[in-house]
Amino acid sequence: MELAGKRVVVVGLGRSGVAACSLLAARGARVVGTDQKSKDALGAAAGALEKMGVSLVLGDHERALEGADLIVVSPGVPSFAALEAADRAGVPIWGEVELAVRALRHPARVVAIGGTNGKSTTTSLVGALLQAHGLRTFTGGNLGEPLAEHADERFDVVVLEVSSFQMERVDTFHPVVSVLLNVTEDHLDRYPSFEAYAQAKGNAFLRQESSDVAVVPFGDPISDGQARRGRGRIVTFGAGGEIDVTRDAVIDRRRNIAFPRSAIRLQGGHNAQNVAAAIAAVGPFDIPDETVRRVLATFEGLPHRMALVGEHRGVRYYDDSKGTNVGASVTALRGLSEAKVVLIAGGRDKGGSYAPLVEALREKGRGLVVIGEASDAIASQVGSALPLRRARDMEDAVRFAMELATTGDAVLLSPACSSFDMFRDYKHRGDAFVLAVHALSGRPS
């Protein structure tokens, strides 16, 4: 679509929405930005948008959509009646990812990385591998850096973390490599069923051709089924896969090359899976083995994802605030080397079952501290399976966890819930945990 002169409505004015508005305005569109927040609540973003020439229609999406030639929907905005009516009327509706990829001044190969858990780490590692190989690489997407902010730049490869929300509105999106790390229950407060959630994840495969690559876990029928909606060549990772994961190594069986886990900076069973997926994803780019080894030996991962933040009285404290669903928290629990763990969990409930978390706690739990809106729901499913405390805030939670733990244990913040009941986002929550842990030993914040 030629954007110049078109009336384009951007729904949702968070970072990706603002980036979309900026891109559209620069391309000559008549941009309308709409959000349920007031102008005061939008803060500096409202003034910045108005300086770009964006017309703001706040608190009334339906009025904003009138006469739209194109609608761009931010990932955090669920569908609503007026949007569905516009869809039925034939108005094109894109997500920010669809807009940004279409708008690239210099077309580049796209690598898309999706999944319920592990996306950010794997996306960052794939970006690091490609950059080390000398390719001009954009790494972002759901990871926090909207591609729309960089649509005029020149890249060889665009590596995008893609969420289910971002894949709801794509109709030309065509990654040469598409990775689906896993699909477990999440966002059931937005989707009518697990199947609908998985279908959204799988939309990244739809336009793949036989020359493209689809990367999925070995022996995972859900991910495999989604990959087969496209025509990409399937490459498997994980125990038994083409990129195999054993107790001691990640092994590329295609070339019989082993990467010892002892030489990989990222530790833990879940990270071995992420490493295997990343190696599968960069296969088409012919990166030398020595380059891969060098990156694996130095890549540290990301904040708030299984990060060791301190040790106090023989107990190690881990920040996994990005563990925002049950599957992520179960993986984090089972991936710790410590035999027993005190878990801090809770936040805003996302509609799934906590039964898998209870099962993992029966195996590894020393105790559980619950926090936030989901406290009652988690506590009711845990019952009397292990000692449980209720915390009012993060300082309480860390203190209670310290009291429950014994020497040699771990305390793990992996909430299994979103953060929006008490915190701005998972980073804010993780930062609060780090501050509380440091306060135990009198360390400066």
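Residues numbered from 1 in each chain as written. Predicted model: local features only at pLDDT ≥ 70, side-chain atom pairs only at ≥ 80, totals over all residues. Heavy atoms only, no water.

1. Some remarks on the sheet that holds strand S18 (residues 365-371)
A sheet is described by the order of its strands in space; here 6 strands give the open sequence S15-S16-S20-S17-S18-S19, paired in mixed fashion. Each end of this open sheet is capped by a strand with a single partner; those strands are strand S15 (307-312) and strand S19 (388-391). Pairs of neighbouring strands in the sheet enclose a mean axial angle of 20 degrees, with direction left out of account. Note: strand S17 (residues 341-345) against strand S20 (residues 410-413), 4 bridges, orientation parallel. When the sheet's bridge partners are listed, Leu343 is paired in S20 with Leu412. (Pairing = 2+ DSSP bridges. Helix = DSSP H or I, 4+ residues; strand = E, 2+ residues; numbered from the N terminus. Axes fitted to C-alpha atoms, helices over the stretch in contact; angles between N-to-C directions.)

2. Observations concerning the environment of Ala151
Relative to the elements of secondary structure, Ala151 occurs in the loop between strand S7 (137-141) and strand S8 (157-161). With 106 residues separating them along the chain, Ala151 and Ile257 place their C-alpha atoms 37 Å apart. Residues in contact with Ala151, not counting those within four places in the same chain, are Leu23, Arg27, Ala100, Ala103, Leu104 and Arg105. (Contact = heavy atoms within 4.5 Å.)

3. Focus: the layout of surface pockets
To find the voids left in a structure, one rolls a probe of water-molecule size over its atoms. Computed from the structure, the second largest pocket encloses a volume of approximately 180 Å³. Residue lining of the second largest pocket: 15 residues in total, with Val77, Phe165, Glu168, Arg169 and Arg190 positioned closest to the centre. The class makeup of the residues in the lining of the second largest pocket is 7 nonpolar, 4 polar and 4 charged. (1 Å grid on protein atoms, 1.4 Å probe; cavity = no way out; pocket = protein on both sides within 12 Å on 5 of 7 lines; lining within 4 Å. Points joined across faces, edges and corners; volume = space filled by probe spheres on them. Nonpolar A, V, L, I, M, F, W, Y, C, P; charged D, E, K, R; others polar.)

4. Describing the pairing of strand S1 (residues 7-11)
Among the 5 residues of S1, 5 are classified as buried, and the element is accordingly described as predominantly covered. What you see with S1 is no split at all: Arg7, Val9 and Val11 on one side and Val8 and Val10 on the other are buried throughout. In the sheet, S1 pairs with strand S2 (residues 30-35) via 5 bridges, with the strands oriented parallel. Opposite Val10, over in S2, you have Gly33 as the bridge partner. Crossover connection from S1 via helix H1 (residues 15-26) to parallel S2: handedness right-handed. Relative to strand S4 (residues 70-73), S1 runs parallel, the two sharing 4 bridges. Residue pairing across strands places Val11 opposite Val73, the latter belonging to S4. (Buried < 20%, exposed > 50% of the residue type's maximum accessible area, 1.4 Å probe, protein only. Right-handed = clockwise from strand over helix to strand, strands pointing away.)

5. So, the sheet that holds S2
Here 5 strands make up an open sheet; going across it, the order is S3-S2-S1-S4-S5 and the pairing parallel. The open sheet terminates on both sides in strands that have one partner only, identified here as strand S3 (55-58) and strand S5 (93-95). In this sheet, adjacent strand axes meet at a mean angle of 25 degrees when their direction is disregarded. Here 3 bridges tie S4 to S5, and the two strands are oriented parallel to one another. Its bridge partner lying in S5, Ile71 is registered against Ile93.

6. Observations regarding helix H11 (residues 289-298)
Taken residue by residue, H11 has Thr291, Val292, Val295 and Leu296 as its buried positions. Each buried residue of H11 lies within a common arc of 130 degrees when the element is viewed along its axis, so the set occupies one face. Looking at the buried residues of H11, the elements they touch are helix H7 (119-132), strand S14 (257-260) and helix H10 (269-281). (Arc of directions from axis to C-beta.)

7. Brief notes about empty space enclosed by the protein
Counted according to the given criterion, the structure contains 3 cavities of 30 Å³ or more. The space that makes up the largest cavity amounts to roughly 100 Å³. Lining the largest cavity are 13 residues, and of these Glu185, Val326, Lys350, Gly352 and Ala416 lie nearest its centre. By residue class, the composition of the lining of the largest cavity is 4 nonpolar, 5 polar and 4 charged. One number sums up the size of the second largest cavity: a volume of about 40 Å³. Contributing to the lining of the second largest cavity are Ile344, Ala345, Gly346, Gly347, Ile371, Met394, Leu413, Pro415, Asp421, Met422, Phe423 and Arg429.

8. Observations regarding the environment of Leu412
By secondary structure assignment, the location of Leu412 is in strand S20. For Leu412, a relative accessible area of 0% gives the class buried. When the C-alpha positions of Leu412 and Asn182 are compared, they lie 22 Å apart, and in sequence the two are 230 residues distant. If we skip the residues at most four places from it in the chain, Leu412 touches Met306, Tyr318, Asp320, Ala332, Leu333, Leu336, Val341, Val342, Leu343 and Ile344.

9. Quick notes on the side chain of Ser223
Tracing the sequence through the fold places Ser223 in helix H9 (residues 221-227). Leave out the neighbours within four places in its chain, and Ser223 touches Leu180, Asn182, Val183, Val216 and Pro217.

10. Examining the packing of H1 against helix H6 (residues 96-103)
Any two packed helices are characterised by how steeply their axes cross, that is the angle between the axes, and by the distance between the axes. Where H1 meets H6, the axes come as close as 10 Å, and the angle between the chain directions of the two elements is 35 degrees. Crossing of H1 against H6: the hand is left-handed. Contacts from Ser16, Ala20, Leu23 and Leu24 in H1 reach Glu96, Leu99, Ala100 and Ala103 in H6. Class assignment of the residues belonging to the contact of H1 with H6 gives a composition of 6 nonpolar, 1 polar and 1 charged. (Left-handed = near helix turned anticlockwise from the far one by under 90°.)

11. What about the packing of aromatic side chains?
Any two aromatic rings considered together are summarised by their centre-to-centre distance and by the angle between their planes. Going through the model one piece at a time under the given rule, you end up with 4 aromatic pairs. Between Phe165 and Tyr191 the ring centres are 6.1 Å apart and the planes differ by 35 degrees, which places this aromatic pair in the tilted class. Of this pair, Phe165 sits in the loop between S8 and strand S9 (177-180) while Tyr191 sits in the loop between S9 and helix H8 (194-202); the two residues are 26 residues apart in sequence, bridging distant segments of the chain. Centre to centre, the rings of Phe194 and Tyr197 are 6.4 Å apart; their planes meet at 55 degrees, and the pair counts as tilted. A residue pair is termed a helical-turn pair when its members lie 3 or 4 positions apart in one helix, as Phe194 and Tyr197 do in helix H8 at 3 residues. An aromatic cluster of at least three residues, connected via ring pairs, comprises Phe165, Tyr191, Phe194 and Tyr197. For the cation-ring pair, Arg190 lies above Phe165, with the distance from its terminal atom to the ring centre recorded as 3.7 Å. Above the plane of the ring of Phe400 lies Arg399, whose end atom (NZ or CZ) is 5.1 Å from the centre. (Phe/Tyr/Trp six-rings, centres within 6.5 Å; stacked < 30°, edge-to-face > 60°. Lys NZ or Arg CZ within 6 Å of the ring centre and 35° of its normal.)

Worth remembering: the numbers are spatial, not functional.
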